[in-house]
Structures are given as C-alpha cells and as structure tokens.
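Below, each chain spelled out in residue letters.
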Amino acid sequence: MTDMLSRPGSPGGDSAPPPGPVDAVPTKPVIVSAVLSAGACLLTGLLTCTAVAVIGWLAATFGGASGAIRAGASAWLVAHKAGVTLGTGTISIAPLGLTLFFAWCLYRGGKSAARSSAADETKDLILLSAVYAGVYGLGGLIVALLTADGTLHVSPLSAFLGTASLALVAGTIGVLVESGAAEDIADATPPGLRDAVPAAAAAVLTVIAVASVLYGVLLAIHFSRVTAMLELLDAGVIGSVVLFALCLMLVPNMVLYAVSFLAGPGFQLGTGTTIAPTGVDVGNLPALPLLAAVPADGSTPTYLLVLTALVPLGAGAMAGLVVVRRGRAEQHADALGWDAFALRGGIAALLAGIAFYVLMALSGGSAGPGRMAAVGIPAALAAAGVLTAGMAIGAAITAAVVAARRPAEPEPEPER
C-alpha cells in the first residue's frame with residue numbers, strides 16, 4: 001500500500017517535500033525609504049531644470065555654464081514658490097506646469113517610499129511623511145544657499161518652506177494611497193462629504209475646461225501676434241525649444257487667469273493693468289507668445305459677459321448631477337430627500353471654490369522689476385467667491401430637481 005501511494009521518481013519512495021513559502025519582498029526601514037525617495041525626487045527636479053537651462057545656454061552667446069546651472073536651480077526654487085531676488089527685482093511667480101510636474105514626482109516618490117518600507121501603522125505613516133518632507137525641504141534649503149551669488153539671492157527659509165510644503169502634501173497623498181489608508185479615511189468619512197469631493201472635482205474640471213477652450217480660441221484668433229513675436233525674438237532652433245518649454249510650463253497659469261476672467265474680477269499683467277470682462281487696460285506686453293491671446297485695450301465682446309454667468313452655473317450643474325448619481329447608489333438612498341442632495345451640492349461648490357482660491361493664489365507673483373512686479377489675480381478671493389456662489393446655485397438647483405424627479409417604486413401587487 002505504501003509503495004502504491006508513493007510518488008514515482010522520488011528516492012526511496014518518499015513523497016517530495018512541500019514547496020517552501022514564497023520569499024517575502026525585502027523592506028527597508030521607514031527613514032531610509034523616505035530619504036531615498038526624497039533624494040530621488042530632488043535630483044529629478046534639479047536635473048530637469050538644469051538640462052533646460054544648459055540647452056538655453058548653448059543657444060546663447062553670453063554667460064557661462066555655471067550661470068546656466070544656477071539659473072536652472074533658481075527655476076527649480078521658483079517652481080516651489082521660493083522667491084528669487086535678482087538685482088532690483090524679484091521673481092516669485094511659479095510656472096505651475098513645472099510645479100505640477102514636481103508634485104507628480106513627489107506623489108510617486110511617496111508611493112515608492114510606502115511600498116519599499118511596507119509601512120501600515122499610523123505612527124509609521126506619519127514618520128514616513130514627515131521625514132520625506134523634511135529631507136526634501138532640507139535639500140531646497142541647501143540649493144538656495146548654493147545658488148546665491150552676487151546679485152542673485154534666495155531666502156533659505158522660504159526655500160525650505162516652499163519645498164517642504166509641496167513634498168508634505170503630494171508625498172502624504174502618495175503614502176496614504178499606497179498604504180491603503182486613503183481607503184480607510186474615505187470609508188470613515190460621512191457619505192455626504194465623501195460624495196461632495198468628486199462632485200467638486202467635476203465642477204473644477206468643467207470650469208478649467210471651458211477656460212482652456214476660451215484661451216485656445218483667443219490664441220487662435222490672434223495667431224498673427226504669435227508669429228510676429230516669434231519673428232521678433234528670432235530665438236533659433238535651440239532657443240525656440242527653450243521658449244516652447246517655458247510656454248508649456250506657464251500654460252496652467254494662463255488658464256487660471258482665464259478662469260478669473262470668466263469669474264469677473266479678471267487679472268493683471270503688470271502694475272496698473274486690468275484684463276476683465278468689463279474692459280481691458282494693459283498697454284504693451286512682453287514678447288511672450290502666450291500673451292498673444294490677451295484682448296486689445298478697450299471693451300470686451302458681449303459674449304464674454306454672458307460666459308461669466310453661464311460657466312459657474314454649468315459647472316455647478318455638473319456637480320449636482322454627480323452628487324445625485326453617487327447618492328442614489330448608497331444603501332439608504334431612499335431616505336434622502338431633495339433637500340439633502342441640494343445641501344451636498346452646496347458643499348461640493350464650497351470645496352470647489354476653496355480649490356480655485358488656492359490655485360489662483362499660487363498662480364501669481366512678481367515677474368521682475370518695475371511694472372512686472374505684480375502679475376496674477378489680485379482679487380483671488382473675490383473671484384473664488386463669485387465662482388462659489390454660481391456653482392452653489394447651479395449645484396443645489398440641479399441636485400434638488402433631479403432628486404425630486406426620482407422614479408417612483410412600483411407598488412406591490414395585492415395578494416389574491
């Protein structure tokens with residue numbers, strides 16, 4: 001019987017030993033993972049900016065390689081909202097395209113740190129995020145000290161705060177997503193607030209999409225200005241590549257300026273200038289192709305005034321539809337009345353307004369001495385408030401109307 005049950009080919013008729021357990025993926029200590037990931041993100045950002053600066057230096061006929069490297073490091077700092085003082089002027093306007101790229105890198109770095117450390121306890125996650133942000137901020141402080149030279153100066157404190165803040169926000173999100181803590185937080189959040197977050201995101205994306213289309217249309221209408229500026233600059237092949245990279249990094253700023261334009265308060269491209277639906281007073285502008293979409297001085301078309309009312313309402317309607325769709329999928333959706341959906345729509349509009357205020361505040365700053373010392377959205381709070389009011393009206397009305405028109409459930413047939 002034993003010989004019959006023994007596995008053929010095994011020596012002595014003994015059965016083969018069971019396969020051993022799969023080797024676990026080796027993990028690193030929390031602090032080591034945070035330091036390595038933060039260092040990788042730091043080097044990625046610096047090398048990216050330095051490479052673009054060196055390409056521009058190759059196309060120029062003045063300056064040295066050390067100056068190009070210093071310029072690239074300065075651009076990296078400015079993207080983190082660390083103001084750079086150059087002579088009599090200050091450059092503090094962050095190219096948000098570059099800022100978003102760094103935020104994405106830091107988000108991926110946070111996920112990598114959480115994965116390599118296998119951190120899952122609350123204290124480990126807090127330690128991981130804190131060390132990650134601290135190391136990245138310390139790197140920004142060191143870069144600021146090394147970049148300063150003669151007329152160029154960067155505040156080490158602002159460099160540390162700017163870099164550490166971005167790393168803390170983006171890195172923590174990555175850590176929470178990778179560790180699964182984000183799902184736990186979402187499950188513990190009340191359904192009304194949990195549904196308001198994607199609805200707010202839908203409203204923000206709707207306004208940004210309309211503003212992007214408007215900016216693209218205005219840029220196409222004034223395309224002759226773009227070609228005239230390019231001919232005036234005569235940057236050459238390499239210089240054109242650098243100019244394209246610069247414009248690409250500033251596109252999110254221009255889109256947010258268009259959002260403020262649609263909100264009503266508008267924006268400015270220099271001290272004493274105004275670009276709003278009620279009128280434009282800007283005068284001469286720098287020869288930057290992105291600025292070709294700015295309307296000429298004088299009154300603006302009437303359809304732009306109409307958009308200032310329709311866009312926030314339309315974005316609010318999108319938020320209201322998302323609120324109702326997600327609310328009806330809940331387990332106790334039948335107990336929710338139209339007023340509950342309207343309230344959730346209002347909360348979504350408030351969250352979207354806060355997001356717009358933060359983005360608008362980050363999009364402006366100083367672009368140099370003299371007239372260019374004030375660029376951006378001076379009335380960011382007012383613009384965000386107007387958008388919030390319009391979105392709240394559209395979201396509340398849409399959510400209430402759609403929820404009130406909920407199809408009635410069929411009545412049970414009487415028993416025979």
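What counts and what doesn't
Within every chain, residues take consecutive numbers counted from 1 along the sequence as written. The predicted origin of the model limits local features to residues at a pLDDT of at least 70 and limits the giving and counting of side-chain atom pairs to 80 or more, whereas totals for whole chains, interfaces and linings rest on all residues. Side-chain measures here rest on the full set of heavy atoms in the structure, leaving out hydrogens and waters. We count a stretch as a helix when DSSP gives it H or I for four or more residues in a row; a strand needs E for two or more, and each element gets its number in order from the N terminus. In what follows, a contact means two residues having at least one pair of non-hydrogen atoms within 4.5 Å. Per-residue accessibility takes into account occlusion by the displayed protein chains alone, with areas from the Shrake-Rupley method and a 1.4 Å probe. We define a salt bridge as a contact between a side-chain nitrogen of Lys or Arg and a carboxyl oxygen of Asp or Glu at a distance within 4 Å. The rule is simple: take the accessible area with a 1.4 Å probe, protein chains only, and divide by the maximum for that residue type; under 20% is buried, over 50% is exposed, in between is partly exposed. Any two strands with at least two DSSP bridges between them are considered paired. For helices, the fitted axis covers only the stretch in contact; all axes are lines through C-alpha atoms, and the angles between them, taken along N-to-C directions, range from 0 to 180 degrees. Remark: nonpolar core denotes a set of buried residues (Ala, Val, Leu, Ile, Met, Phe, Trp, Tyr, Cys) joined through side-chain atoms within 4.5 Å. Confidence of the predictor at the level of single residues is given by pLDDT, which spans 0 to 100. Residue count minus one, scaled by 1.5 Å, sets the expected span of a helix. Pairs were defined over the aromatic rings of Phe, Tyr and Trp, the Trp ring being its six-membered one, requiring ring centres within 6.5 Å. Orientation was assigned from the angle between planes: stacked under 30 degrees, edge-to-face over 60, tilted for the rest. UniProt positions are given in the numbering used here, feature names are shortened, and annotations may be inferred rather than shown by experiment. Orientation categories follow fixed angle ranges, with anything under 35 degrees roughly parallel, anything over 145 roughly antiparallel, 65 to 115 roughly perpendicular, and all other angles oblique. Each crossing gets its hand from how the near helix is turned against the far one by less than a right angle, where anticlockwise is left-handed and clockwise is right-handed. Each residue receives one of three labels: charged for Asp, Glu, Lys and Arg, nonpolar for Ala, Val, Leu, Ile, Met, Phe, Trp, Tyr, Cys and Pro, and polar for the others, Gly being one of them.

Under the annotation held in an unreviewed UniProt entry, the protein carries the name Integral membrane protein and is attributed to Kribbella yunnanensis.

S.K.: How should the overall build of the protein be read in this particular structure?
M.R.: In terms of regular secondary structure, the protein is built from 13 helices and seven strands. Partitioning the contacts of the protein with sequence separation of at least 6, the portion at a separation of at least 24 is 74%. On the protein, roughly 21600 Å² of surface is accessible, and the fraction owed to carbon and sulfur atoms is 69%.

S.K.: Can you help me understand the pattern of salt bridges in this one?
M.R.: Pairing of side chains with opposite charge becomes possible as their charged atoms draw close. Going through the model one piece at a time under the given rule, you end up with five salt bridges. Arg70 is the partner of Asp149 in a salt bridge, and the nearest nitrogen-oxygen pair spans 3.6 Å. Of the two residues, Asp149 is situated in the loop between helix 5 (122–147) and strand 3 (152–154) and Arg70 in helix 3 (residues 65–79); the sequence distance between them amounts to 79 residues. Its relative accessible area of 44% is what places Asp149 among the partly exposed residues. The class of Arg70 is partly exposed, set by a relative accessible area of 23%.

S.K.: Quick question: what am I supposed to make of the sheet that holds strand 3 here?
M.R.: Spatial strand order, 2-1-3: three strands in an open sheet with antiparallel pairing. Lying at the two open borders of the sheet, with one neighbouring strand each, are strand 2 (89–91) and strand 3. In this sheet, neighbouring strand axes are inclined to one another by 25° on average, regardless of whether the strands run parallel or antiparallel. Bridging between strand 1 (residues 84–86) and strand 3 involves three bridges; their strand directions are antiparallel. When the sheet's bridge partners are listed, Thr85 is paired in strand 3 with His153.

S.K.: Help me out: how do you make sense of the nonpolar core in this one?
M.R.: Nonpolar side chains tend to gather and get buried jointly when the protein is soluble and globular. Ranked by size, the top nonpolar core spans 55 residues in total, and within it Tyr257, Leu269, Ile275, Phe356, Met360 and Met391 carry the most contacts. Discounting chain neighbours no more than four positions away, the residues touching Phe356 are Val204, Val207, Ile208, Val259, Leu387 and Met391. Grouped together as the second largest cluster of nonpolar side chains are 38 residues, Ala34, Leu42, Ala79 and Ala181 included.

S.K.: Even after reading the chapter, I still don't get the environment of Gly110, so can you show me in this structure?
M.R.: Here Gly110 shows up in helix 4 (residues 96–117). Sequence separation between Gly110 and Ser33 is 77 residues; the distance between their C-alpha atoms is 9.3 Å. Each residue touching Gly110, except ones within four places of it in the same chain, is listed here: Tyr132, Gly171, Gly174 and Val175.

S.K.: I would appreciate a short explanation of the confidence of the model for the protein in the present structure.
M.R.: Detailed reading of the predicted coordinates is not advisable wherever pLDDT is low. Averaged over all residues, the pLDDT of the protein equals 84, while 88% of them reach at least 70. A low-confidence stretch, residues 1–16 (pLDDT under 50), is modelled with four contacts involving residues beyond four sequence positions or located in other chains. Taken together, the stretch residues 19–24 has pLDDT below 50 and engages in zero contacts with residues farther than four places along the chain or on a different chain.

S.K.: Looking at this model, I keep getting lost on helix 4. Mind explaining?
M.R.: The periodicity of an α-helix, 3.6 residues per turn, causes residues three or four positions apart to be oriented the same way. Over its 22 residues, helix 4 runs 31 Å from end to end, which matches the ideal 32 Å to within 8%, given 1.5 Å per residue. Directly beyond the C-terminal end of helix 4, a positive phi value near 55° is found at Ala118.

S.K.: Sorry if this is basic, but what is going on with the side chain of Ser129 here?
M.R.: You can see Ser129 is positioned in helix 5. Sequence-distant contacts of Ser129, defined by excluding residues within four places in its chain, comprise Leu168, Thr172 and Val175.

S.K.: Just to check I follow, could you spell out the packing of aromatic side chains for this structure?
M.R.: Two descriptors summarise a pair of aromatic rings, namely the distance from one centre to the other and the angle between the planes of the rings. Under the counting rule described, the total for this entry stands at three aromatic pairs. Ring centres of Phe101 and Phe102 lie 5.8 Å apart, and the angle between their planes is 50°; on these two criteria the pair is classed as tilted. Residue class for Phe102 comes out buried when judged on its relative accessible area of 2%.

S.K.: What is the right way to read the UniProt feature "transmembrane region" (unreviewed entry) in the protein from this model?
M.R.: Look at the UniProt record and you will see "transmembrane region" (unreviewed entry) annotated at residues 30–63, 84–105, 125–146, 197–223, 235–259, 303–324, 336–359 and 379–404. The span residues 197–223 shows a helical share of 96% and a strand share of 0%, and its end C-alpha atoms are spaced 38 Å apart. Here residues 379–404 is 96% helix and 0% strand, with 38 Å between the C-alpha atoms at its ends.

S.K.: Hey, could you run me through the packing of helix 11 (residues 302–328) against helix 13 (residues 380–404) in this one?
M.R.: Packed helix pairs are characterised by how far apart their axes lie and by the angle those axes make with each other. Relative to each other, helix 11 and helix 13 sit at 40°, their axes nearing to 6 Å. Relative to helix 13, helix 11 is oriented oblique. As helix 11 packs across helix 13, the resulting crossing turns out to be right-handed. Side by side, helix 11 and helix 13 meet where Pro312, Leu313, Ala315, Gly316, Ala317, Ala319, Gly320, Leu321, Val324 and Arg328 of the first sit next to Leu387, Gly390, Met391, Ile393, Gly394, Ala395, Thr398, Ala399, Val402 and Ala403 of the second. Here the residues of the contact of helix 11 with helix 13 sort into 14 nonpolar, five polar and one charged.

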